[in-house]
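# Results of the structural survey
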Amino acid sequence: MKKLKLALVSLLVGGAALLMSSCVGSFALTHSVLNWNKNVGGKFVNELVFVAFWILPVYEVSAIADLLVVNSIEFWSGKNPVATSYQMVDTDHGKYIIEGDEKGYTITHQPTGQQTRLDYDAESATWAAEIDGTSYPFMTFVDDSHVKMITPEGDFRVVELSEQGVMAYREGVAPLMADNGRN
């Protein structure tokens, strides 16, 4: 009987330790619902949806799901299963699925399955595209108002982050792109 009580107390203490461990989490599911609500329409539509989601208990359910399931997964695995974002873009060339993570984006062409990976390296402040296993840097932040952008020739040009700077860059590379058959 004494062993049974000790086992029961150990189980309760262990369970309490799991429940009391700090797994506050990011509440990514609840934030996703809120962010979606903010982009539904104008401010009046957003407010109506906001109130309706409290009445229907959408926010309450998402918060409880975050609290009991998603944040626990995030605590134990280090990754939030809801935090990955994606968007589908429909173009004249097919649909593209853009999935975001903590390092960058994966762009998948829907009909062919061809993927391009865009990664940001914080140490060098550089964006690079990974194509067929090779990384190609294409933009590096110089300061708050300038970036180095790749040209069709493969060299880099400093571009001012303004309407005039972007237009000058486009006008400068357009003839080079036409010469390379990219226009």
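Each chain has its residues counted from 1, running along the sequence as written. Totals for whole chains, interfaces and linings use all residues, but because this is a predicted model, local features are given only for residues with pLDDT of at least 70 and pairs of side-chain atoms are given and counted only at 80 or more. No hydrogens and no water enter the side-chain calculation; it runs on all heavy atoms of the structure.

### Things to note about the nonpolar core
Throughout this description, the term nonpolar core refers to a set of buried Ala, Val, Leu, Ile, Met, Phe, Trp, Tyr and Cys residues connected via side-chain atoms within 4.5 Å. Type-normalised accessible area, obtained with a 1.4 Å probe on protein chains alone, sets the label of each residue: buried when under 20%, exposed when over 50%, and partly exposed for intermediate values. Core analysis: the biggest nonpolar cluster contains nine residues, these being Leu118, Trp127, Ala129, Met139, Val147, Met149, Val159, Tyr169 and Val173. Per the convention used, a helix needs a DSSP run of H or I reaching at least four residues, while a strand needs a run of E reaching at least two, with both numbered from the N terminus. Among the elements of the structure, β5 (126–131), β7 (146–150) and α5 (163–179) are those that each provide at least two residues to this core.

### A look at the pattern of salt bridges
Here the idea is simple: oppositely charged side chains can pair when their charged atoms come close. Here, a salt bridge means any side-chain nitrogen of Lys or Arg that lies within 4 Å of a carboxyl oxygen of Asp or Glu. Under the definition given, this model contains one salt bridge. Across the salt bridge formed by Asp119 and Arg117, the nearest N and O atoms sit 2.8 Å from each other. Owing to a relative accessible area of 24%, Asp119 belongs among the partly exposed residues under this scheme. On the basis of relative accessibility, which here comes to 15%, the residue Arg117 falls in the buried class.

### Structural notes on the side chain of His109
With respect to the secondary-structure elements, His109 resides in strand β3 (residues 104–109). His109 gets classed as buried once you look at its relative accessible area, which sits at 13%. Among the polar contacts made by the side chain of His109, one reaches the side chain of Thr112 at a distance of 2.8 Å. Contacts are residue-level and defined by heavy atoms, with any inter-residue pair within 4.5 Å sufficient. Not counting the four nearest positions on each side in its chain, His109 is found in contact with His93, Gly94, Lys95, Tyr96 and Gln114. Within 3.5 Å is the distance limit for a polar contact, defined as a pair of N or O atoms, with the added protein rule that one can donate a hydrogen and the other accept it, and that residues adjacent in sequence qualify only through two side-chain atoms.

### Points about the packing of aromatic side chains
Ring geometry is summarised as follows: Phe, Tyr and Trp rings, the Trp one being its six-membered ring, pair when their centres sit within 6.5 Å, and such pairs are stacked at plane angles under 30 degrees, edge-to-face over 60 and tilted between the two. Counted under the stated rule, the structure contains three aromatic pairs. Relative to Trp127, the ring of Tyr120 has its centre 5.3 Å away and its plane inclined at 45°; by these criteria the two rings are tilted. Accessibility expressed as a relative area gives 32% for Tyr120, which makes it partly exposed. Summarising the aromatic geometry, the rings of Tyr120 and Phe141 are spaced 6.4 Å apart at their centres and angled 75° between planes, so their arrangement reads as edge-to-face. Note that Tyr120 is positioned in strand β4 (residues 115–121) and Phe141 in strand β6 (residues 134–143), a separation of 21 residues in sequence. Linked through ring pairs, Tyr105, Tyr120, Trp127 and Phe141 together constitute an aromatic cluster.

### Notes on the side chain of Arg117
Inspection of the secondary structure assignment puts Arg117 in strand β4. A distance of 3.5 Å separates the side chain of Arg117 from the backbone oxygen of Tyr105, its partner in a polar contact. A polar contact is formed between the side chain of Arg117 and the side chain of Asp119, at a distance of 2.8 Å. Excluding anything up to four places from it in sequence, Arg117 contacts Asp101, Lys103, Gly104, Tyr105, Thr106, Ala128, Ala129 and Glu130.

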